[in-house]
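Remarks on the overall topology
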Amino acid sequence: MARSSRASGGQPVKAKAVKASGKTSVKATDKADEPRSSLFVGSTEKAFQVLHAFDGPQRYMTLADIARAADLDRSATQRLVYTLETLGYLKRIEGTRNYGLTSKVLQFSHSYLKANELVDKASPYLLDMSRNLGETCNLHELDGHEVVFVARFPGQHLIHIDFVIGSRLPAYFTASGIAILAALPEAEQQDLLKRTRLEPLTPYTITDPVKLAEQVHLAAKRGYSIQINQSVMGDISVAAPIIDEHGRPIAAVNISVPTTRWTTERVEAELVQHVHVAATSISKSKFKRYAA
């Protein structure tokens, strides 16, 4: 929901990429089509639909804007917005008819990251790589058909890119996602591919299902993935999967560098070993929260 971040890796993200990195409505989740239990509380879902309405490029929205984005009628939207404003998660922008999120929503992110054992174990490796290489290092977790930025250590170069903690991208359009998918059973790979909206984020985004499957098979053979201009123009990303004690890929170590200073050959020669060593070292740890 933030708009900029220190990062290394190319040009500013275009609007379409911004939506891809943030907008995931409640109705668009992987479980949307599953039968719902009688225990399911519909009003709670609608409240989250209102909050997710702000995932897009608009920082502030009117009631009508929120209703459209949340796919709710105006009456329900008004009641939900009033409730969320009373609870402190939304605020009315003084002198306007607009509403915006408050910093209180960050409490959920803070609580998640504080309890995330994987972030704790991976952060020292990411920080060390970032300092030694001077490039941006990321930790991505797989969530459904998307990868989520859960840790990010910017490099020495200040570049305006709209990816911050919590940003999302289609797994099939990222080096981290491809690396993780490569360690999953083929049936799961195909299921996640079916869930992915194959809309390009850049002119170079691969959207052909056959070619995407080839990328996954190549990563499985190599043990890492390199992607160029797939989700951000001017970016080369390399990633290796983190495997838990049950043999499941749970995340990926990623290094992102700009095409203005790096080539694919140089990335393979100099960076692959770093993501591979870091991912392997982190994989040797036991993660209690992932235990069966």
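We now turn to the structure provided with this report. Residue numbers here run from 1 along each chain, matching the order of that chain's written sequence. Residues qualify for local features only when their pLDDT is at least 70, as the model is predicted, and side-chain atom pairs are given and counted only at 80 or more; totals for whole chains, interfaces and linings, by contrast, use all residues. The basis for the side-chain values is all heavy atoms of the structure; hydrogens and waters are excluded.

A word on the overall build of the protein
Stated formally: Each helix is a run of DSSP H or I of at least 4 residues and each strand a run of E of at least 2, with the numbering of both proceeding from the N terminus. Relative accessibility under 20% of the residue-type maximum defines a buried residue, over 50% an exposed one, and the middle range a partly exposed one, all with a 1.4 Å probe and only protein chains included. The criterion used for residue contact is that any of the two residues' heavy atoms lie within 4.5 Å.
Of the regular secondary structure elements, the protein holds 11 helices and 10 strands. Relative to its full complement of 292 residues, the protein shows a buried share of 48%. Here the analysis covers contacts within the protein between residues at least 6 apart in sequence; of these, 64% occur between residues at least 24 apart.

Concerning the sheet that holds strand E10 (residues 249-258)
To keep it simple, the criterion reads: Note on pairing: two strands pair once DSSP finds at least 2 bridges between them. Inter-axis angles, ranging from 0 to 180 degrees, are taken between N-to-C directions of lines fitted to C-alpha atoms, where helices are fitted over the stretch in contact.
Ordered in space as E7-E5-E4-E10-E9-E8, the 6 strands form an open sheet in which the pairing is antiparallel. Among the strands making up the open sheet, the edge pair consists of strand E7 (168-170) and strand E8 (225-228). The sheet shows a mean angle of 30° between the axes of neighbouring strands, direction not considered. The pairing of E8 with strand E9 (residues 235-243) spans 4 bridges and is classified as antiparallel. Counted as the bridge partner of Gln227 is Ser237 from E9. Against the sheet, helix H11 (residues 272-283) makes contact with E8, E9 and E10, and its axis sits at roughly 25° relative to E9, the strand it touches most.

Concerning the environment of Leu271
Topologically, Leu271 is positioned in the loop between helix H10 (264-270) and H11. Between the C-alpha atoms of Leu271 and Asn254, which are 17 residues apart in sequence, the distance is 9.7 Å. Among all residues touching Leu271, those that are not within four sequence positions of it are Leu133, Val238, Ile255, Val257, Trp262 and Arg266.

With respect to the pattern of salt bridges
What counts, and what does not: Whenever a carboxyl oxygen of Asp or Glu lies within 4 Å of a side-chain nitrogen of Lys or Arg, that contact is scored as a salt bridge.
Applying the stated criterion across every chain, the model contains 11 salt bridges. In this structure, Arg68 and Asp65 form a salt bridge, with 2.6 Å as the shortest nitrogen-oxygen distance. Linking Arg68 with Asp65, this pair stays in helix H3 (residues 63-70), spanning 3 residues, or about one helical turn. Taking the relative accessible area as the measure of exposure, Arg68 reaches 61% and is therefore exposed. Notably, a salt bridge pairs Arg168 with Asp143, separated by 2.7 Å at the nearest N-O pair. On the criterion of sequence distance, the pair formed by Arg168 in strand E7 and Asp143 in strand E4 (residues 136-143) is long-range, its members being 25 residues apart. Judged by relative accessible area, which is 39%, Asp143 ranks as partly exposed.

Overview of unusual backbone geometry
Positive phi, normally seen in glycine, also occurs at Asp71, with a value near 60°. Secondary-structure assignment places Asp71 in the loop between H3 and helix H4 (74-87). Overall, the relative accessible area of 53% leaves Asp71 in the exposed class. One non-glycine residue, Asn229, adopts positive backbone phi at about 60°. On the secondary structure map, Asn229 appears in the loop between E8 and E9.

What about the nonpolar core?
To be explicit about the condition: Nine residue types can take part in a nonpolar core, namely buried Ala, Val, Leu, Ile, Met, Phe, Trp, Tyr and Cys, and a core is a set of them joined through side-chain atoms within 4.5 Å.
By size, the foremost hydrophobic cluster in this structure holds 30 residues, and its most contacted members are Leu126, Leu139, Val238, Ile242, Val253, Ile255 and Val267. Contributing elements (two or more residues each) for this core: helix H6 (117-133), E4, strand E5 (146-153), E9, E10 and H11. Those residues in contact with Val238 that lie beyond four places of it in its chain are Ala175, Tyr224, Ser225, Ile226, Val253, Asn254, Ile255, Val267, Leu271, Val272 and Val275.

So, the side chain of Thr174
Put simply, the rule reads: By the criterion applied in these results, polar contacts are pairs of N or O atoms within 3.5 Å in which, for protein atoms, one can donate a hydrogen and the other can accept it, and in which residues neighboring in sequence qualify only through two side-chain atoms.
For Thr174, the location among the structural elements is in the loop between E7 and helix H7 (175-181). Only 2.8 Å separates the side chain of Thr174 from the backbone nitrogen of Gly177, close enough to count as a polar contact.

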